[in-house]
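Analysis of the macromolecular model
Listed below are the residues making up each chain.
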Amino acid sequence: MNDMTTTTENTVENTTETPAVLDASGVTMRFGGLTAVRSVDLKVHAGEIVGLIGPNGAGKTTFFNCLTGLYVPTEGKVSYKGTVLPPKPHLVTQAGIARTFQNIRLFANMTVLENVLVGRHTRTKEGLWSALLRGPGFKKAEAASHKRAMELLEFIGLEHKADHLARNLPYGEQRKLEIARALASDPGLLLLDEPTAGMNPQETRVTEELIFAIRDQGIAVLVIEHDMRFIFNLCDRVACLVQGEKLVEGTPSVVQGDERVVAAYLGTPFEGAPGAEEAAEVEAAEEAQGTTSKTSTTSTTSPEGETP
Amino acid sequence: MTTDTTQTAETAPANRNSRANMFRWLTLAGGLATTASTFLAWTYTDEFPGDLTVYGYPGGLQVLTLVAGLLTTLYALAALDIKGLRWLAPTGTTKALRLLALGALGTTWFTVIAIAVELGGMVNLEPGGFVAAVASAIPVAAAFQLPDDTRKAKRPKELPSWAEILIIVAAFAIGLFVVTYGIDTEYAELFTGYMITAGFAIAALFKAGLMARLSALTTKYRSIAVAAAFVAAAAFPFTQNTDQFTLIAVNILIFATVALGLNIVVGLAGLLDLGYVAFLGVGAYTAALVSGTTASAFDVQFPFWASVLTGGVVSLIFGVVIGAPTLRLRGDYLAIVTLGFGEIFRITVGNLDGVSGPQVTNGPNGVPNVPDLVFFGYDFGESHTIAGIELGSYANYYLLMLLAMILVVLVFSRAGSSRIGRAWVAIREDETAATAMGINGFRVKLIAFALGATLAGLAGTVQAHVQSTVVPEMYVFAGPVPPNSAFLLAAVILGGMGTISGPLIGATLLYMIPAKLQFLQDYQLLGFGIALILLMRFRPEGLIANRRAQLEYHETDQLDVPDKGLTDSGVGITKAGA
Ligand SMILES: Nc1ncnc2c1ncn2[C@@H]1O[C@H](COP(=O)(O)OP(=O)(O)OP(=O)(O)O)[C@@H](O)[C@H]1O
Ligand SMILES: [Mg+2]
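Computed from a predicted model, the values in this text were never measured in an experiment.

Some points on the packing of helix 9 (residues 244–268) of chain B against helix 14 (residues 419–429) of chain B
All names here are of chain B. Between helix 9 and helix 14, the least distance of the axes is 8 Å, while the angle of their chain directions is 50°. Considered as vectors, helix 9 and helix 14 are oriented oblique to each other. Here helix 9 contributes I264, G267 and L268 to the contact with helix 14, which in turn contributes W424, V425 and R428.

Notes on the site of ligand 1
Residues and elements named next belong to chain A. With respect to spatial proximity, 16 residues lie near ligand 1, and among them N56, K60, T61, T62 and H226 are the closest. Within the side chain of T61, an N or O atom sits 2.7 Å from an oxygen atom of ligand 1. Here Y71 contributes a side-chain N or O atom positioned 3.1 Å from a nitrogen atom of ligand 1. Coverage of ligand 1 by the protein amounts to 80% of the 640 Å² it exposes when considered alone. With three residues, the single largest contributor to the shell around ligand 1 is helix 2 (residues 60–67). Taken together, the residues of the shell around ligand 1 sort by class into five nonpolar, nine polar and two charged.

Considering the packing of aromatic side chains
All names here are of chain B. Following the criterion strictly, the structure yields eleven aromatic pairs over all chains and no others. Judged by centre distance (6.4 Å) and plane angle (40°), the ring pair of F177 and Y181 falls under tilted. Remark: Y181 and F177 occur in helix 5 (residues 161–183); sequence separation between them is four residues, near one turn of the helix. Of the residues examined, Y181 reaches a relative accessible area of 26% and is grouped as partly exposed. Summarising the aromatic geometry, the rings of F345 and Y475 are spaced 6.2 Å apart at their centres and angled 75° between planes, so their arrangement reads as edge-to-face.

Regarding the coordination of the magnesium ion (ligand 2)
Residue and element names in this part refer to chain A. The protein atoms donating to the magnesium ion (ligand 2) are T61 (OG1) and Q102 (OE1), with metal-donor distances spanning 1.9 to 2.1 Å. Taken together, the positions of T61 in helix 2 and Q102 in the loop between strand 6 (97–99) and helix 4 (112–119) put the pair 41 residues apart, joining distant regions of the chain. The exposure class of T61 is buried, given its relative accessible area of 11%. You can call Q102 buried: its relative accessible area is 17%.

As for the interface of chain B and chain A
In this assembly, 34 residues from chain B lie in contact with 36 residues from chain A. Broken down residue by residue, the surface that chain B buries against chain A is led by R419, R422 and M437 of chain B, which jointly contribute 26%. Our count for the chain B to chain A interface comes out at two salt bridges. For the pair chain B and chain A, the number of links is twelve residue pairs in polar contact (both at pLDDT 80 or more). For the side of chain B that touches chain A, the elements supplying multiple residues, two or more each, are helix 13 (393–416), helix 14, helix 15 (431–436), helix 16 (441–467) and helix 20 (547–553) of chain B. Here the side of chain B that touches chain A takes eight residues from helix 14 of chain B, the largest share from any one element. Taken together, the residues of the side of chain B that touches chain A sort by class into 16 nonpolar, eight polar and ten charged.

Here we look at the sheet that holds strand 1 (residues 22–31) of chain A
All names here are of chain A. An order of 2-1-4-5 is seen for the four strands of this open sheet, with the pairing classed as antiparallel. For this open sheet the edge positions go to strand 2 (34–44) and strand 5 (83–84), each flanked by a neighbour on one side alone. Taken together, the five bridges between strand 1 and strand 4 (residues 75–80) define a ladder with antiparallel strand orientation. In the sheet register, L22 faces strand 4, and the bridge partner there is Y80. Against the sheet, helix 2 contacts strand 1, strand 2 and strand 4, and its axis sits at roughly 115° relative to strand 1.

Things to note about the environment of R414 of chain B
Looking at the secondary structure, you find R414 of chain B in helix 13. Owing to a relative accessible area of 27%, R414 of chain B belongs among the partly exposed residues under this scheme. Look past the residues within four positions of R414 of chain B in its chain and what remains in contact with it is A131, L132, L133 and R134 of chain A.

With respect to the sheet that holds strand 7 (residues 189–193) of chain A
Residue and element names in this part refer to chain A. Read across the sheet, six strands follow the order 6-7-8-3-9-10 without closing on themselves; strand pairing throughout is mixed. For this open sheet the edge positions go to strand 6 and strand 10 (245–250), each flanked by a neighbour on one side alone. Taking the axes of each pair of neighbouring strands and ignoring which way they run, one obtains an average angle of 20° across the sheet. Of the strand pairs in this sheet, strand 3 (residues 49–53) and strand 8 (residues 220–224) are connected by four bridges, and their pairing is parallel. Paired with L52 across the bridge in strand 8 is I224. Along the sheet, helix 7 (residues 171–183) contacts strand 6 and strand 7; its crossing angle with strand 7, the most-contacted strand, is approximately 155°. Each of strand 3, strand 9 (237–242) and strand 10 is contacted by helix 11 (residues 259–266), which is oriented at about 135° to strand 10, the strand it contacts most.

Some details on the confidence of the model for chain A
All names here are of chain A. Confidence in the prediction of chain A, expressed as mean pLDDT, is 83, and 81% of residues score 70 or more. Mean pLDDT across the elements of chain A bottoms out in helix 1 (residues 2–16) (41) and peaks in strand 8 (95). Ignoring residues within four places in sequence, the model shows residues 1–16, a span with pLDDT below 50, making zero contacts including any to other chains. Under a pLDDT of 50 for its full length, residues 291–308 has, in the predicted model, 30 contacts with residues more than four places off or in other chains.

Quick look at a nonpolar patch on the surface
Residue and element names in this part refer to chain B. On the surface, a nonpolar cluster with roughly 580 Å² of combined accessible area is contributed by Y523, L526, I530, L534 and F538. Positionally, L526 belongs in helix 19 (residues 524–538). On the accessibility criterion, L526 (54% relative accessible area) is exposed.

Some details on helix 6 (residues 136–156) of chain A
Helix length check: helix 6 of chain A (21 residues) gives 31 Å between terminal C-alpha atoms against 30 Å at 1.5 Å per residue, within 8%. Among the residues making up helix 6 of chain A, those that are buried are F138, A141, E142, S145, A149, L152, L153 and I156 of chain A. Seen end-on, helix 6 of chain A carries its buried residues on one side only, within an arc spanning 110°. Counted as exposed and oriented over 90 degrees from the buried face of helix 6 of chain A: P136, K139, K140, K147 and E154 of chain A. Against the buried residues of helix 6 of chain A lie helix 4, helix 5 (128–133), helix 7 and helix 8 (201–216) of chain A together with helix 14 of chain B. Trailing helix 6 of chain A by a residue or two, G157 of chain A shows a phi angle of about 80°, which is positive.

With respect to the pairing of strand 9 of chain A
Within a regular strand, the side chains alternate between the two sheet faces. Residue and element names in this part refer to chain A. Here strand 9 lies mainly inside the structure; six of its six residues are buried. Here strand 9 shows a buried face lined by R237, A239 and L241 and a second buried face lined by V238, C240 and V242. Here strand 3 pairs with strand 9 via four bridges, running parallel. Paired with L52 across the strands is A239, a residue of strand 9.

Brief notes about the domain arrangement of chain B
Residues and elements named next belong to chain B. Assigned domains within chain B: domain 1 (15–228) and domain 2 (241–517). Here the C-alpha centre of domain 2 lies 37 Å away from the C-alpha centre of domain 1. Listed by partner, the interface residues are nine residues for domain 1 and nine residues for domain 2. Interface of domain 1 and domain 2: buried area, both sides summed, is about 780 Å²; carbon and sulfur atoms make up 79% of it. Contact with domain 2 buries area across many residues of domain 1, yet I183, F191 and M195 alone supply 62% of it, more than any other trio. For the pair domain 1 and domain 2, the number of links is zero salt bridges. Our count for the contact surface shared by domain 1 and domain 2 stands at two residue pairs in polar contact (both at pLDDT 80 or more). Mapped by element, the contributors of at least two residues to the side of domain 1 that touches domain 2 are helix 5 and helix 6 (188–207). In terms of residues, the side of domain 1 that touches domain 2 owes the most to one element, helix 6, which gives four residues. In the side of domain 1 that touches domain 2, the residues fall into four nonpolar, three polar and two charged.

Remarks on the environment of I49 of chain A
Residue and element names in this part refer to chain A. Looking at the secondary structure, you find I49 in strand 3. What makes I49 buried here is its relative accessible area of 0%. Residues I49 and Q94, spaced 45 residues apart in sequence, show a C-alpha to C-alpha distance of 21 Å. Excluding residues within four positions of it along the chain, I49 makes contact with I211, F212, R215, V221, V223, L234, C235, D236 and R237.

Definitions and limits used
- Residues numbered from 1 in each chain as written.
- Chains lettered and ligands numbered in written order.
- Predicted model: local features only at pLDDT ≥ 70, side-chain atom pairs only at ≥ 80, totals over all residues.
- Heavy atoms only, no water.
- Axes fitted to C-alpha atoms, helices over the stretch in contact; angles between N-to-C directions.
- Helix = DSSP H or I, 4+ residues; strand = E, 2+ residues; numbered from the N terminus.
- Parallel < 35°, antiparallel > 145°, perpendicular 65-115°, else oblique.
- Contact = heavy atoms within 4.5 Å.
- Near = heavy atom within 4 Å.
- Polar contact = N/O pair within 3.5 Å; in protein donor to acceptor, adjacent residues only side chain to side chain.
- Areas by Shrake-Rupley, 256 points an atom, 1.4 Å probe, with all protein chains shown as cover.
- Nonpolar A, V, L, I, M, F, W, Y, C, P; charged D, E, K, R; others polar.
- Phe/Tyr/Trp six-rings, centres within 6.5 Å; stacked < 30°, edge-to-face > 60°.
- Buried < 20%, exposed > 50% of the residue type's maximum accessible area, 1.4 Å probe, protein only.
- Donors = N, O, S within 2.8 Å, 3.2 Å for Na, K, Ca; no water.
- Buried area = accessible area lost by both parts, 1.4 Å probe.
- Salt bridge = Lys/Arg side-chain N within 4 Å of Asp/Glu carboxyl O.
- Pairing = 2+ DSSP bridges.
- pLDDT = per-residue confidence, 0-100.
- Patch = residues over 30% accessible without salt bridge, like charges linked within 9 Å, V, L, I, M, F, W, Y side chains within 5 Å.
- Expected span 1.5 Å × (residues − 1).
- Arc of directions from axis to C-beta.
- Domains from an automatic or database assignment.

Below, the structure is given as structure tokens:
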């Protein structure tokens, strides 16, 4: 009888509030004196596409690295479908979170197909012995992996380039291949770090549809992007990170209308700000000295690229 | 007006064609003249090795000039579009012709100069020598005037499959012959000439597209090609009258096998192991100590299978002990630790002599008198007569080592084209991305490292019986005699990382050159240093590019590349040679 009650209780709990696919609470990441991410909470639910925006150097990529175990967060914890994740990248992927990188990190000298096959690593078991002995089990698993990988390549439209080297693909296709490689691990949550960076508007639209299609497969998506039209089109919910802190979170329309977000991107005029005339003067003087001019008041520029 | 322009437009290419044809004829004439000149006497005395004094009968280095001259003639005929010779050059004759002409020139002039230098002056040359020198210069001068006719290979004509198989068999037979000739060269001059001729000729066959066609055939009939390679390699001892060159071949096999094992570690997983030879030493010492020799501290005599297992397992343990703490770290730590381990191993076995430490290995004197192997009454130390041909004792070891090498080839190709092999390459390419794809970097690297160690240990157990003495100085980081760690690494890099045939070819070259060119002794390391620098500058992927590097250069026909590309066609030829 007792057992019965607990089970029913559990099911009741599950139906009323399914654990979020991703639940990050109080994630803080410090590099020496620099706090790149400051106690950020974020939830992603099943079937959601969540956007993460913020100016350069806001800590978006660092936050991703904390989620995927590439960094061990200074504080806070990350759980996936109710279980707390250890900060080890391969265990995070095993649990069901896959990611892409801001500056594409494909296996450049492997073929397109091999890249996707590497993505299957956690979902296959064959070790050295089975590879050496080549029993029927090995052949079956290998064939199944190939089949799944080809399906994914068809999904992103690269099946005709399966035997090309990843390095020889055009930029947009490399980004897509990274997504396919991530999908190969059958994730429940996909993290995309600037998936349309460097793409033309048409490629961006295709990527948008691709992400919708991924969501329709039941995979939750968390996406970093600077292209606002893309993000507000795509996402069910958007969070804005500024200087490591979560500033706003809400539906695209709420975030879009928020003054603080606009200010974070464009900068707010502060008191005693130099007038246009003075600014031009300073600029001219600096140019003469050969230094790069920086008259923007609040812009926080960070070095290009990420450093996981 | 219009007719005028068309006329000039037509006559110009026609002119150019006739000019090119003239040079082709000239090349042909030069090739024939070079060939003919080898039937003359080149020198008066028989002091120069090989006896080049006889009219009407080419000897020694003249034979090499003869071969180069004949090949030049043949390709000049193909360039003239003679019917029935087009198959010689699917992708164009000019570049092949230039290389062959250079080969003939190089061999001839090397011979003539060697005669003049060694015998003290030009007076030692017969007129025939001058004729040869001039004749061999003609095709070079002419071939470099030829227009480049590089073209894409057409689809080869369909041959019946028995004919294609026959071609494969013939190719391996030729390969066996060429390699055997190289191993059997009696004196340094002949080996140098051989290297010049063979180097240019092989490069020419590659440029002509003939090698590509052959490799297409070997991939089509994979199992037959593998069998042919095996038979060709196994046939080597049957071509030998004495044990002298079989010993060289055994040592090449040991070196090549260990290099191939290292290629798993370096080429696939990207782990820089600078002390790899120590694992060979661990295997060899283990086998020697349990072999029943009186010099051993242990009074045991294991049967061979048990000592192979023991050697492999002990090497495995060493591999794990070295690898486990260092592979967690990134980058160069492994290189430093393995370098240290290599030296520690050598110095430790040198000190376990009962004076500086416990008496286990006899210190610098090593473990002598390792007995010959005996399988079911078949004594490896004795000669046996098989099929009417007497095989010396090294032939037995040669065949045993060949089996060991086949085992390593099998391990390499099977592991390489599997989930674990892809994980190795992924780690090598980008460790961060690989771990983010769910690969446990440490585990996968440790497997590669331990597998490499085990394979080296296995080779070591055979080595102990071949050498019959095991001393610490056989396992140094760098020394004049391969295998040592630096040469192993050089063999992998020279041959081509991540390939099977690459390290086999690399090891063959790196063993043969110092063994044949004894006079190089002092300059050998300098020479290899320069050679490696040149290689890195002009062909960074090594002599044999792996499939991935090949894709980079032949983007268009990559769909023809089969999935199991890791074992490319060159493997057979090398196996035959090594
Ligand atoms: N490994 C690291 N060590 C020290 N500082 C770091 C490290 N990684 C990131 N940072 C710093 O953390 C801050 C946030 O960087 P992050 O890459 O997360 O920004 P971002 O929001 O992804 O910016 P962008 O839009 O340009 O990609 C930056 O100031 C950066 O210099
Ligand atoms: Mg970023």
